[in-house]
Amino acid sequence: MEQQLDELVGFLSSPRPDVRQLATSYIVDFSQPKSESFALLLKRLDRLVKPLLVVCHETPEAANRAMSTLVNLSTDAATCRQFADEDMLAMVVRMITSPSCYIADPACMLLSNLTKNADVCRLLCALSIGEVPGICSSALALDQLTDVFVKGMDRTYNKNATFNFLASVFADVTNYAFGRSYFLEPAAYDGKLPITKIMVFSEYPEVIRRGGVDSTMKNVCFAKDKHREILDPQGTNMLPYILLPLCGPEEFDMEDMEAMPEEIQFLGADKRREQDPKLRAALLEAVNLLCTTLYGRETLRAKNVYYVLREMHKVETDDACQDLNERAVQLIQGDESHDTRNEDPADDADAFEDI
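Cut-offs and rules
Residues numbered from 1 in each chain as written. Predicted model: local features only at pLDDT ≥ 70, side-chain atom pairs only at ≥ 80, totals over all residues. Heavy atoms only, no water. Salt bridge = Lys/Arg side-chain N within 4 Å of Asp/Glu carboxyl O. Helix = DSSP H or I, 4+ residues; strand = E, 2+ residues; numbered from the N terminus. Buried < 20%, exposed > 50% of the residue type's maximum accessible area, 1.4 Å probe, protein only. Polar contact = N/O pair within 3.5 Å; in protein donor to acceptor, adjacent residues only side chain to side chain. Phe/Tyr/Trp six-rings, centres within 6.5 Å; stacked < 30°, edge-to-face > 60°. Lys NZ or Arg CZ within 6 Å of the ring centre and 35° of its normal.

*Asks:* Help me out: how do you make sense of the pattern of salt bridges in this one?
*Replies:* Where charged atoms from two side chains of opposite charge come close, those side chains can pair. Overall, the coordinates contain 20 salt bridges when judged by the stated rule. Residues glutamate 58 and arginine 20 are paired through a salt bridge, measuring 2.5 Å at the closest nitrogen-oxygen approach. Taken together, the residues glutamate 58 in the loop between α4 (45-55) and α5 (60-73) and arginine 20 in helix α2 (residues 17-30) connect sequence positions 38 residues apart. Ionic pairing is found between glutamate 336 and arginine 301, a salt bridge with its closest N-O pair at 2.5 Å. Residue glutamate 336 is located in the segment after α21 (319-333), and its partner arginine 301 is located in helix α19 (residues 294-302); the two are separated by 35 residues in the primary sequence. One network of salt bridges, with partners in common, ties together Glu2, Asp6, Arg44 and Arg47.

Following this line, the structure appears as structure tokens:
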């Protein structure tokens, strides 16, 4: 088999397009994760990845097979490390941002695998690839990816793509302080905070999109020094988008509801709570993280978040969500001590461990 794979990998670099494209039709079958051939392909990454990226720009059939192979290979960390390279990463981003690319969505899947690598995340946050007409007046890759993600909602930019998997990319980069900083600082080209562009999808029907958005909102809450801006109703105003998926059809007393964010008042009898327990857990983790600062706790008290958690707890069936709910209630309803009133807000990725 190894000799056969060596020949196939060699054909990918053939000067003849028909030979390259035929080779991809075979190699994709060898790239199934956990197979014996998959492990053998990983030993040949240096001769495999760049030629596959070239074929991604050829016929639609060959491009799909080449991208499928890359997506499969990128489930392994060794492949992700290969893409911690500015030129190669830029090739992937340009496929995503091209309005006529028929493999833009698979390219988003590839990028969402690659950003499991910290070096790729760091490089992506700094990557500049030149402006793309029709997206935004910025050369920064993340600016373009954020705006194209919004445009994917109704396929107005690329009829072949929804860009849903970019939500997972945003969740990955916000695992790091530099990624959180990007989403919580105004973009240079339009003055808007990137988090405000994506948080509106927290109740989107497609689970990949809303799941990545939920995780991104949770992650930016690790930036304790930004809690005031995150919760500002005249600013970022992220709290309603955290709470909306946690709300069901329950009615609240008028006196209790008046203090709640306007966006979660009078939701109606057909309001459905988030069905995925992992996503409910991510949102509850965001609430808990906001409770790691005095300002956060005081704001959640003033907004009567307790009542949302109380009604949710009554019907919650997931043990992890019940635990997170109860921890948040304890922090919101608990009395403040001298120590808790004198905290040092800082971006703290270990904050949740201290709850």
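*Asks:* Got a minute to help me understand the side chain of glutamine 144 in this structure?
*Replies:* Counting through the fold element by element, glutamine 144 comes out in helix α10 (residues 141-151). On the basis of relative accessible area, glutamine 144 is assigned to the buried category, the value being 0%. In terms of polar contacts, glutamine 144 uses its side chain to reach the backbone carbonyl oxygen of serine 138, at 2.9 Å.

*Asks:* Would you explain the packing of aromatic side chains in this entry?
*Replies:* When we look at a pair of aromatic rings, we describe it by the centre distance and by the angle of the planes. Inspection of the entire model under this criterion finds 7 aromatic pairs. Their ring planes at 65° and their centres at 5.3 Å tell us that phenylalanine 170 and phenylalanine 183 sit as a pair that is edge-to-face. Separated by 13 residues along the polypeptide, phenylalanine 170 in helix α11 (residues 166-173) and phenylalanine 183 in helix α12 (residues 177-184) bring together distant segments of the chain. Here the two residues phenylalanine 170 and phenylalanine 183 agree in accessibility, since each one is buried. Ring plane angle 80° and centroid distance 5.7 Å describe the contact between phenylalanine 201 and tyrosine 204, whose orientation is recorded as edge-to-face. Classification of phenylalanine 201 as buried rests on a relative accessible area of 4%. Taken together, Phe149, Phe170, Tyr182, Phe183, Phe201 and Tyr204 form an aromatic cluster joined through their ring pairs. Here arginine 209 stacks its cationic end above the ring of phenylalanine 149, 3.8 Å away from the centre of that ring. The ring of phenylalanine 201 has arginine 209 lying over it, and the distance from NZ or CZ to the ring centre is 4.7 Å.

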